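The chain contents come next:
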Amino acid sequence: MKRIFYIASLATITILMSCGSPCEKKKCSDFKTQEEAQEVYESDKDCYKNLDRDGDGKACESLP
């Protein structure tokens, strides 16, 4: 019985570790320029999709 518990626990830990960490929350106000925001957006478009509100591929267009 202990062996089954150990295997199940190990499998659960492995699954949790493979899920990755959640995206770091970023807002346009976290950047000084559009170029800086664009670099972060390009690094992971799914994670930082909130930086491109209109979905045109350009992050934080209101920044200089």
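Quick caveat: nothing in here was measured; it's all calculated off a predicted structure.

**Quick word on the environment of aspartate 46**
So, step 1. Relative to the elements of secondary structure, aspartate 46 occurs in the segment after α2 (34–43).
So, step 2. Each C-alpha atom of the pair aspartate 46 and cysteine 23 lies 9.2 Å from the other, and the pair is 23 residues apart in sequence.

**Overview of the nonpolar core**
So, step 1. Membership of the largest hydrophobic core is limited to nine residues, which are Phe31, Ala37, Tyr41, Cys47, Tyr48, Leu51, Ala59, Cys60 and Leu63.
So, step 2. Apart from residues lying up to four places away in sequence, phenylalanine 31 is in contact with Lys26, Glu36, Ala37, Val40, Leu51 and Leu63.

**Quick word on α2**
Along an α-helix, residues three or four positions apart point the same way, because every turn accommodates 3.6 residues.
So, step 1. Among the residues of α2, those classed as buried are Ala37, Gln38 and Tyr41. Each buried residue of α2 sits inside an arc of 105° when the element is viewed along its axis, so together they form one side. For α2, the exposed residues set more than 90 degrees away from the buried face come down to Glu35, Glu39 and Ser43.

**As for the state of the cysteines**
So, step 1. Per the stated rule, a full pass over the model turns up two disulfides.
So, step 2. One disulfide bridge connects cysteine 23 with cysteine 47, the sulfur atoms lying 1.9 Å from each other. Taken as a pair, cysteine 23 in the loop between α1 (2–18) and α2 and cysteine 47 in the segment after α2 lie far apart in primary sequence, 24 residues in all.
So, step 3. Residue cysteine 23 is classed as partly exposed on the basis of its relative accessible area, which comes to 36%.
So, step 4. There is a disulfide in this structure between cysteine 28 and cysteine 60, and the S-S distance comes to 2.1 Å.

**Quick look at the environment of leucine 51**
So, step 1. When you line up the elements, leucine 51 lands in the segment after α2.
So, step 2. The class of leucine 51 is buried, set by a relative accessible area of 2%.
So, step 3. Considering only alpha carbons, one finds leucine 51 and valine 40, 11 residues apart in sequence, at a separation of 9.0 Å.
So, step 4. The contacts of leucine 51, once residues within four sequence positions are left out, are Lys26, Lys27, Cys28, Phe31, Ala37, Val40, Tyr41, Lys58, Ala59 and Cys60.

**Some words on the pattern of salt bridges**
So, step 1. Counted according to the given criterion, the structure contains two salt bridges.
So, step 2. Put simply, glutamate 24 and lysine 26 hold a salt bridge, and the shortest N to O gap is 3.4 Å.
So, step 3. On the accessibility criterion, lysine 26 (22% relative accessible area) is partly exposed.
So, step 4. Between lysine 45 and glutamate 42 there is a salt bridge; the shortest N-O distance is 3.7 Å.
So, step 5. The class of glutamate 42 is partly exposed, set by a relative accessible area of 42%.

Cut-offs and rules
Residues numbered from 1 in each chain as written. Predicted model: local features only at pLDDT ≥ 70, side-chain atom pairs only at ≥ 80, totals over all residues. Heavy atoms only, no water. Helix = DSSP H or I, 4+ residues; strand = E, 2+ residues; numbered from the N terminus. Core = buried A, V, L, I, M, F, W, Y, C linked by side-chain atoms within 4.5 Å. Buried < 20%, exposed > 50% of the residue type's maximum accessible area, 1.4 Å probe, protein only. Contact = heavy atoms within 4.5 Å. Arc of directions from axis to C-beta. Disulfide = S-S within 2.5 Å. Salt bridge = Lys/Arg side-chain N within 4 Å of Asp/Glu carboxyl O.

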